[in-house]
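Listed below are the residues making up each chain.
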Amino acid sequence: MRKLRAAIALTLIGLLLLPGLALAFSTTAKQGGFFKDAPNQLKDEADGFTLQIPQGIFLKNIQYTVTKVDASQIEMPAGFFLTKAVDLTFSYTQNRPEYNFVKPIRVMFTFDYIDFKRASNLDTSQPIERFCLGYYDKNTGKWMQAPSTIFWDGQSGVVEALMSQGSGRYALMWSSAANPSLSTKGGDQIRMFLNYEPLTAPVPPFVQNNRTMVPLTVIAQNMGAKVSWFQDDQRIEISPNGVKRVKLWIGELRADNDGTEVYCEVPPQIVNGRTFVPLGFVIQALGAQINWDGQTRSIFIDKELSYQNS
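Residues numbered from 1 in each chain as written. Predicted model: local features only at pLDDT ≥ 70, side-chain atom pairs only at ≥ 80, totals over all residues. Heavy atoms only, no water.

1. Quick word on the overall build of the protein
The test is simple: A run of DSSP states H or I qualifies as a helix once it reaches four residues; a run of E qualifies as a strand once it reaches two. Both are numbered from the N-terminal end. Contacts: residue pairs with any heavy atoms within 4.5 Å of one another. Note on areas: Shrake-Rupley, 1.4 Å probe, and residue coverage restricted to the protein chains presented here.
The helix and strand tally for the protein stands at four helices and 27 strands. For the protein, the share of sequence-separated contacts (at least 6 apart) that also reach a separation of at least 24 residues comes to 59%. As displayed, the protein offers around 16,400 Å² of accessible surface, 49% of which is attributable to carbon and sulfur atoms.

Written out as structure tokens, the structure reads:
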């Protein structure tokens, strides 16, 4: 059975590595490989640990290992409490860990109310911003705090930070300092990511009739699509590949998807000089996928990529 599972795994990896295959890579495995020319995600729900890695972080395909650490066995500096920790190793070649990536990766730890009570020594009146992410530098023997963002709904939360240290020990820490300065609380604004790279919009997305409305030009241009505007009939045309055409009209539910009549659940509209369209409709028309993370109010757009194995 083990040999069969290994053969299946190798077959799947081989398919992923075929040149020209378009995909993003997501895994829950504690040991495996990431691809140089694709966005990668590792989501370890059991240990409450997530990595999101944009395309182009690595010089070539890389191996990783994640090992859970018993936080109670780690000695911390005065004023800090260790909630969770993992040892993360990246390596291009065996027994040679890689450090200090040229671009940061997004590191996230989840926590709950019990973690909050334990870290605060049962004083939950303390600010939740005392949580932060940290990295242990084995060369100096010291912990480093990372500027962190905290999303908290009163019962469960996520702490995230951009970190570029590479291999090492990553942790969710609590600081008892009276005025912690590195953590901020996430707001209500919807965030957008394309293949784990943040998208910045001059006018933020909003929700209408349970549908997320997004600025069209920000989405289309970042996905390589052409957008044309026709004033006479208030028509928008989107061409993701120069051949296919998607037509929408301001204020109207009807739409045309490459000659097929379809309907939007919310009509396109102009807000503060920007054209907003329903995200789900446009993403489907552009041949991508979306995932919504309600905890961090984040939209993750997965645009398929073609890449070569190396």
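2. A look at the sheet that holds strand β19 (residues 226-230)
Operational definition: In this analysis, strands are considered paired if DSSP registers two or more bridges between them. Helix axes are fitted only over the stretch in contact, all axes being lines through C-alpha atoms; the angle between N-to-C directions runs from 0 to 180 degrees.
Here we have five strands laid out as an open sheet, ordered β19-β20-β21-β22-β23, and antiparallel in their pairing. The two strands at the open ends of the sheet, each matched to only one other strand, are β19 and β23 (260-263). Averaged over all pairs of adjacent strands, the angle between strand axes in this sheet comes to 25°, irrespective of strand direction. Bridging between strand β20 (residues 235-239) and strand β21 (residues 246-249) involves four bridges; their strand directions are antiparallel. Among the inter-strand pairings, Glu 237 is bridged to a residue of β21, identified as Lys 247.

3. Structural notes on the environment of Lys 138
Keep this limit in mind: Under the scheme applied here, a residue whose accessible area is under 20% of the maximum for its type counts as buried, over 50% as exposed, and between as partly exposed, the area being computed with a 1.4 Å probe on protein chains only. Distance and chemistry together define a polar contact, namely a pair of N or O atoms within 3.5 Å, with one atom able to donate a hydrogen and the other to accept it when in protein, and with adjacent residues in sequence counting only for side-chain atoms on both sides.
Along the chain, Lys 138 turns up in the loop between β9 (131-137) and β10 (142-146). Judged by relative accessible area, which is 59%, Lys 138 ranks as exposed. Residues Lys 138 and Arg 169 lie 31 residues apart in sequence; the distance between their C-alpha atoms is 8.7 Å. Within the local environment of Lys 138, its side chain forms a polar contact with the side chain of Tyr 99, the two groups lying 3.2 Å apart.

4. Thoughts on the nonpolar core
Taken as a class, soluble globular proteins show a tendency for nonpolar side chains to be buried jointly. Keep this limit in mind: The nonpolar core is taken to be a set of buried Ala, Val, Leu, Ile, Met, Phe, Trp, Tyr and Cys residues, with the residues joined through side-chain atoms within 4.5 Å.
With 37 residues, the main nonpolar core has Phe 34, Phe 49, Phe 58, Phe 90, Val 107 and Phe 131 as its most contacted residues. Apart from the residues lying within four places of it in its own chain, the contact partners of Phe 34 are Phe 25, Thr 27, Asn 40, Gln 41, Leu 42, Ile 53, Phe 58, Asn 61, Ile 62, Tyr 64 and Phe 90. Residues Met 192, Leu 248, Ala 255 and Ala 288 belong to the second largest nonpolar core, which totals 29 residues.

5. Topic: the packing of aromatic side chains
The test is simple: The rule is short: rings of Phe, Tyr and Trp, with Trp giving its six-membered ring, pair when the centres are within 6.5 Å, and they are stacked under 30 degrees, edge-to-face over 60, tilted in between.
Going through the model one piece at a time under the given rule, you end up with 20 aromatic pairs. Measuring from centroid to centroid gives 5.0 Å for Phe 25 and Phe 35, while their planes differ by 90°, and the two rings are edge-to-face. Taken together, the residues Phe 25 in strand β1 (residues 25-27) and Phe 35 in the loop between β2 (31-34) and β3 (40-44) connect sequence positions 10 residues apart. Here Phe 25 falls in the buried class, since its relative accessible area comes to 14%.

6. Some details on the sheet that holds strand β26 (residues 289-293)
Pairing is mixed across the open sheet formed by four strands, whose spatial order is β16-β15-β27-β26. Since the sheet does not close on itself, it has two edges, and those belong to β16 (197-199) and β26, each with one partner. Between one strand axis and the next, the sheet turns through 30° on average, direction left out of account. Here three bridges tie strand β15 (residues 191-194) to β16, and the two strands are oriented antiparallel to one another. For Met 192, the partnering residue across the bridge sits in β16 and is Leu 199.

7. Topic: the pattern of salt bridges
Using the following cut-off: A side-chain nitrogen of Lys or Arg and a carboxyl oxygen of Asp or Glu constitute a salt bridge if their distance falls within 4 Å.
By the definition in use, this model includes 14 salt bridges. Arg 169 is the partner of Asp 87 in a salt bridge, and the nearest nitrogen-oxygen pair spans 2.6 Å. Taken together, the residues Asp 87 in strand β6 (residues 80-93) and Arg 169 in strand β13 (residues 168-175) connect sequence positions 82 residues apart. Across the pair Arg 118 and Asp 115 runs a salt bridge, and its minimum N-O distance is 3.4 Å. Of this pair, Arg 118 and Asp 115 are both found in helix α2 (residues 113-119), three residues apart, which corresponds to roughly one turn of the helix. Exposure remark for Arg 118: the relative accessible area of 48% places this residue in the partly exposed category. Classification of Asp 115 by relative accessible area gives buried; the value is 10%. A network of salt bridges, in which partner residues are shared, links Lys 30, Asp 44, Asp 47 and Lys 68.

8. Things to note about the side chain of Thr 296
Inspection of the secondary structure puts Thr 296 in the loop between β26 and β27 (298-302). By relative accessible area, Thr 296 is classed as buried at 1%. Here Asp 293 takes part through its side chain, which lies 3.0 Å from a polar atom of the side chain of Thr 296. Setting aside residues up to four positions removed in sequence, Thr 296 forms contacts with Phe 151, Val 158 and Arg 191.

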